[in-house]
Amino acid sequence: MTILNGLALTRIPPEGEALRAEVRGFLQEAVKDMPAHIRAKSWSGYDPAFSRKLGEKGWLGMTFPKAYGGHEQGAFARYVVVEELLNFGAPVGSHWIAERQSAPLILKYGTEAQRQRYVPPVARGESFFCIGMSEPNAGSDLASVRTRAVPNDDGWLLNGQKIWTTNAQHCQYMIALVRTSGETADRHKGLSQLIVDLSLPGVTVRPIEDMSGDRHFCEVFFDNVQLAPDALVGAEGQGWEQVTAELAFERSGPERLFSSVVLLDQWLAFLRSQAAPRAESLKLAGQILTRLAPLRALSVAVQEKLVQGQSPIVEAALVKDQGTVLEQYIPAAIADDLMALDGEAVPHELLLTLNYLTLVSPCYTLRGGTRSILRGMIARGLGLR
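Please read these numbers as outputs of a predicted model, since none were measured by experiment.

Draft legend 1. The nonpolar core, seen in detail. Leu27, Trp59, Leu85, Trp267 and Leu338 are the most contacted members of the largest nonpolar core, which totals 68 residues. At ten residues, helix 12 (residues 313-339) tops the list of elements feeding residues into this core. What leucine 85 contacts, discounting residues up to four positions off in sequence, is Leu27, Ser42, Phe50, Leu54, Ala90 and Val92. Grouped together as the second largest cluster of nonpolar side chains are 21 residues, Trp156, Leu194, Leu198 and Val225 included.

And the structure:
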C-alpha cells in the first residue's frame, strides 16, 4: 500500500482557487445559449473561436514559459480552469490535446526550434494536435505498434495506420508513436515519437461514426509520408519513456471525473423542481456525491505529485480507472431513477442529455487506456502481481 500512503490529502492553493470566480463568470456567459445535450459533448466540442477566446484570456498555456507564449502560472491554476470548463460543458475539443499533452511534451523533450515553432500557437488557441498512439490489433498495448518510420536522406519515411485518433480531422498536427528501429517483438525498444503535419501528401484521415452519431474518433493512414529530420521529438528510441510520462497527465485530471457532470446537474435541477423528490432519488444523489468527492481528492493529490516533478503513473491509472467507472455509472443510475417515476413528466432536455451520454459512455473506459490494462498496472504498483 505504499503508493496510496504517498497520496497526501491536498488542497488547491489559494492562488489557484482565486481564478475560479472569474472563470465561472466568463463561462456562464459563454455557454448560456448552449443546450445541455450539446454541452455534454464538451470533450468533442470543436469550436476554434472559443479556443482562441481562452487563449486571449490567458487560460491556455497557463503553465508554459513566457518565452513560448505561456503565462508561467501554477499547475493548480490550470487545474481550476479545466475543472470549470468541464463543469459548464464548454467546447474544449479543438485545443484539448494540444494544450494538455502535445505542447508540454515538446517543451520537455523537443528542440529549441520545435518549441519556438509549435508551442506559442497552442497557447493562442490557434494550433491543434491529435495523439497517434493506438493501432488496429494493438489497442492499449502500445508496445505492439507497427507503424514505422524509416530514416532516409530527407528525414523519415512514414507508413502505417492509427485508430481512435480523436478529432484528427480538425487538427493540423499529430504526435505519433512509431517504430523507428527493431521489430514489434522488441516491445519498448525502438519506439520514437514524431510530429506529423497532417496536410502532407500520403496522409488520409477517415472519421468513424460512433453510436451517438458523433464523428470525433478517426482512423489515420500513412502511405509513404515524407517527414523532415526535425520531426523527431527527443532522441530516437525514447518514445516509450515519453509516452508513459505523457499518460500520467492524460489519466489523472478532472476530465476523468466530469464527463457526465452536465447530466448530473440537469437531473439535480429536476429533483429540486419537485415538491417531494423520491427518497430513492435523494439517496442516489448522495451516493454519487460520496463517490465523486474522494476521487476528486485523489486527482488533486496526483496533481500535487506532478507539480513536484514526480511521475505518478500508477496513481494516475487509479484515478482514470475509478473515475471512468463513476462516469459510466451516472447515466445508468439516472436512467434507472427516471424509469421509476410514476407518470411524472421528465424535461425533454434532460432526456436528450441522458440519451447522448448513454450512447457515448461505453467509450470512457477505452480512451486513455482500457480497464484491463490499467488494472494490471495498478496491481503491479501495489505489489499484487
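Draft legend 2. View of the pairing of strand 4 (residues 173-179). Burial within strand 4 is extensive, with seven of its seven residues counted as buried. A two-sided burial pattern is seen for strand 4, the buried positions comprising Tyr173, Ile175, Leu177 and Arg179 on one face and Met174, Ala176 and Val178 on the other. Pairing between strand 1 (residues 129-132) and strand 4: four bridges, direction parallel. When the sheet's bridge partners are listed, isoleucine 131 is paired in strand 4 with isoleucine 175. Of the strand pairs in this sheet, strand 4 and strand 5 (residues 191-197) are connected by seven bridges, and their pairing is antiparallel. Across the sheet, residue arginine 179 finds its bridge partner in strand 5, namely leucine 191.

Draft legend 3. Structural context of the pairing of strand 2 (residues 148-152). Alignment of strand 2 against strand 3 (residues 155-162), held across five bridges, turns out to be antiparallel. Among the inter-strand pairings, proline 151 is bridged to a residue of strand 3, identified as tryptophan 156. Adjacent in sequence and paired antiparallel, strand 2 and strand 3 are bridged by two residues.

Draft legend 4. Representation of helix 8 (residues 112-123) within the structure. Over its twelve residues, helix 8 runs 16 Å from end to end, which matches the ideal 16 Å to within 8%, given 1.5 Å per residue. For helix 8, the set of buried residues is Gln114, Arg115, Tyr118, Val119, Pro120, Pro121, Val122 and Ala123. The inward-facing, buried residues of helix 8 contact helix 5 (48-57), helix 7 (96-109), strand 1, strand 4, strand 5 and strand 8 (232-233). Where helix 8 ends, the next residue or the one after it, glycine 125, has phi of about 75°, a positive value.

Conventions we followed
Residues numbered from 1 in each chain as written. Predicted model: local features only at pLDDT ≥ 70, side-chain atom pairs only at ≥ 80, totals over all residues. Heavy atoms only, no water. Core = buried A, V, L, I, M, F, W, Y, C linked by side-chain atoms within 4.5 Å. Buried < 20%, exposed > 50% of the residue type's maximum accessible area, 1.4 Å probe, protein only. Helix = DSSP H or I, 4+ residues; strand = E, 2+ residues; numbered from the N terminus. Contact = heavy atoms within 4.5 Å. Pairing = 2+ DSSP bridges. Expected span 1.5 Å × (residues − 1).

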